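Structure assessment
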Amino acid sequence: MASTMSAAVWSTTRLVAAVAVVVLLITPTAPRVTAAQYSPPWAHAFRAHWPGTGGLDTTNTMNLAKQGLEPEYKASSINPASAKASMLTYAVHDAIWWMAGHAGTGFITTYNATNGTTVVNVSNQVPGSSCAGKNACLTDYTFEEMHDIRVMVFQGCDSGKTLANGDALHKRAKQVLGVDASVAFGAIIYFSANTSDVWSFHFANYGRLPTTVLGAAYYSAEDVLFYSGSYHGYKQYSVYGGSTYFFPAAYGS
Amino acid sequence: MPVPSRRSMLLAAAAVLLALAGVASGRGIDETRVIAVSREEAIDSVRAFVAGTALTDDVVAEGPYDGALVRFYKVTGHHLMARVDANTGSVVGVVFLENIGQGGKVSVDSERASVAAKAFLDDHSIGWRHLEPSIEFIDHGETAEYLLQWTRRDGDLVLPEAIYVSVDAVTGKVISFADMRRPFEAPGEPSVDRPAAIAASVEVLRGAGVDGEVAIDAAELRVEFAESGDQRLVWKIRASAVVERLQQGQEIVGHWLVEVDARSGQAKIVARG
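Residues numbered from 1 in each chain as written. Chains lettered and ligands numbered in written order. Predicted model: local features only at pLDDT ≥ 70, side-chain atom pairs only at ≥ 80, totals over all residues. Heavy atoms only, no water.

1. With respect to the confidence of the model for chain B
Low pLDDT marks stretches whose predicted atomic positions should not be read closely. All names here are of chain B. Residues at a pLDDT of 70 or more form 89% of chain B, whose mean pLDDT is 90. Taken together, the stretch residues 15–27 has pLDDT below 50 and engages in five contacts with residues farther than four places along the chain or on a different chain. ipTM for the predicted complex: 0.90, alongside a pTM of 0.87. (pLDDT = per-residue confidence, 0-100. Contact = heavy atoms within 4.5 Å.)

2. Focus on the sheet that holds strand E5 (residues 107–112) of chain A
All names here are of chain A. Pairing within the open sheet is mixed, and its four strands lie in the order E4-E5-E6-E7. Among the strands making up the open sheet, the edge pair consists of strand E4 (103–104) and strand E7 (136–137). Here E4 runs beside E5; their pairing, made up of two bridges, is antiparallel. Opposite Ala103, over in E5, you have Ile108 as the bridge partner. (Pairing = 2+ DSSP bridges. Helix = DSSP H or I, 4+ residues; strand = E, 2+ residues; numbered from the N terminus.)

3. Some remarks on the packing of helix H2 (residues 59–69) of chain A against helix H6 (residues 198–206) of chain A
All names here are of chain A. One can describe the packing of H2 onto H6 by two numbers: an axis separation of 8 Å at closest approach and a directional angle of 15°. Overall, the two elements H2 and H6 adopt an arrangement that is roughly parallel. Between H2 and H6 the crossing geometry is right-handed. Together, Thr61, Leu64, Ala65, Gly68 and Leu69 of H2 and Ser200, Phe201, Ala204 and Asn205 of H6 make up the contact between the two elements. Of the residues in the contact of H2 with H6, the class split is five nonpolar, four polar and no charged. (Axes fitted to C-alpha atoms, helices over the stretch in contact; angles between N-to-C directions. Parallel < 35°, antiparallel > 145°, perpendicular 65-115°, else oblique. Left-handed = near helix turned anticlockwise from the far one by under 90°. Nonpolar A, V, L, I, M, F, W, Y, C, P; charged D, E, K, R; others polar.)

4. Here we look at the pairing of strand E2 (residues 71–76) of chain B
The side chains of a regular strand alternate between both faces of the sheet. Residues and elements named next belong to chain B. Burial analysis of E2 places five of its six residues in the buried class, the great majority of the element. In this sheet, E2 lies alongside strand E1 (residues 60–66) in antiparallel orientation, the contact comprising five bridges. Considered in E2, the bridge of Ala61 is made with Val75. The hairpin formed by E1 and E2 contains four residues between the paired strands. Turn length for the E2-strand E3 (residues 81–85) hairpin, with the two strands adjacent in sequence and antiparallel, is four residues. (Buried < 20%, exposed > 50% of the residue type's maximum accessible area, 1.4 Å probe, protein only.)

5. Brief notes about the interface of chain B and chain A
Contacts between chain B and chain A engage 56 residues on the former and 54 residues on the latter. Both sides together, the interface formed by chain B and chain A hides about 4300 Å², and carbon and sulfur atoms give 58% of it. On the chain B side of the contact with chain A, His140(B), Gln250(B) and Arg272(B) bury the most area, a combined 17% of that side's loss. Inspection of the region where chain B meets chain A yields three salt bridges. (Buried area = accessible area lost by both parts, 1.4 Å probe. Salt bridge = Lys/Arg side-chain N within 4 Å of Asp/Glu carboxyl O.)

6. Some remarks on the packing of aromatic side chains
In total, this model carries 24 aromatic pairs over all chains according to the counting rule given. Judged by centre distance (5.1 Å) and plane angle (80°), the rings of Phe185(A) and Trp199(A) are edge-to-face. Here Phe185(A) is found in strand E9 (residues 181–185), whereas its partner Trp199(A) is found in helix H6, with 14 residues between them in sequence. The exposure class of Phe185(A) is buried, given its relative accessible area of 0%. Measuring from ring centre to ring centre gives 5.3 Å for Tyr231(A) and Tyr164(B), while their planes differ by 80°; the resulting arrangement is edge-to-face. Of the two residues, Tyr231(A) sits in the loop between helix H7 (213–228) and strand E11 (237–240) while Tyr164(B) sits in strand E7 (residues 157–168), which places them in two different chains. For Tyr231(A), a relative accessible area of 8% corresponds to the buried category. We classify Tyr164(B) as buried; its relative accessible area is 11%. (Phe/Tyr/Trp six-rings, centres within 6.5 Å; stacked < 30°, edge-to-face > 60°.)

Structure (structure tokens):
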């Protein structure tokens, strides 16, 4: 009787184990990527154009970024409305997300005549911030929504500075949202009022050497020095995931 | 410095002809921007600079390009990126990316970084002892470096003599070097003093639509050079103002770099942030 019971238990165990193996074999171990996959992958450069001759206009800057990424990326230079729903249109499927505009500790902004000022905050811990309306917070985004992105660039003054709780735009992008690489700045940076923006042009093009994101950030800061006579804050770049490459284009993971 | 080749002699001759043409037409010419060095010679200069290493096996030269102080070639390979003055053949900048310690713990203090930087300059016969030193620690997120600067001032006047050396805070090795020096003449006294320069910068910002309270973050009198090569004495004014206060109270601050000619008082916005 005991041996019969033992045999029955053994048979059941083997059956369960076999089923488990089959289930394991047919179940993907990585999360499914539900985003559409474009070929070439998309890159979005978010420009800003505040009014008046004293206003910051990063249209040229973002056009240079777009040109530098083409044709390996299907790049566009656009004005976003930065509520989460709007930004996800650009974020989920894309490989590059690059913003240039006024910024501060924990946030970056864009502006156009239609949407006015729109903000991407790292969280609602930014003083005076809101994640509602035209504004968005990175804390509202999930890993599943963002991890496909290869590089996020926050090109604005103090965009790389950390809040009192240690959070920062580019740090959260890499460490929480799973983008491959992120770049921001720990100082006031300047966009030239009269000539082409040196940093974005070179940063976008250095990837072709090939050079990593970290290498491109280092090289392009030196370019700013030699072309303009000053680092203009670009030496204070801050990079996470610096060993990532822009080129050849591929999808984030 | 490499021996001038036939090509560079032809380049120099062409430059002289251009100079004569410039003089004949009443325009000056910036002698420091005359191209006297070929791309091949630029590569030779870089090879001499990193003598005894294989860092330059795959380099190519591009340019020359017009920089803020000199016209330069860019010499790039897998192991380095360098800049060579197209007039003198001197290496004026180099970056060794491989010397960046990624992901490591900061183990180098400022004193050790300073020793490494000075040794690098001495090894390449770059004079720094008459210049004023300063050092800054820069946190780059996953990496960190010390940026050492040697600059020269005459009172409050910033002269066009600056040397930058970056030392990795993990490896202790020199990552980059930049030589931003150029011959200049004593500029004399400015016709526009600091208060007048600041007033002119605020006025130009008002004219450009900046209507908030303007803060002056810095005001420096500097010797600089126009694209034509003409030496200039200018005030560089860094200003900022709140450009928008959002509904919840979040402030958007704009930054401007305004240049005021210290002779004429003419002001213009040269950069925004």
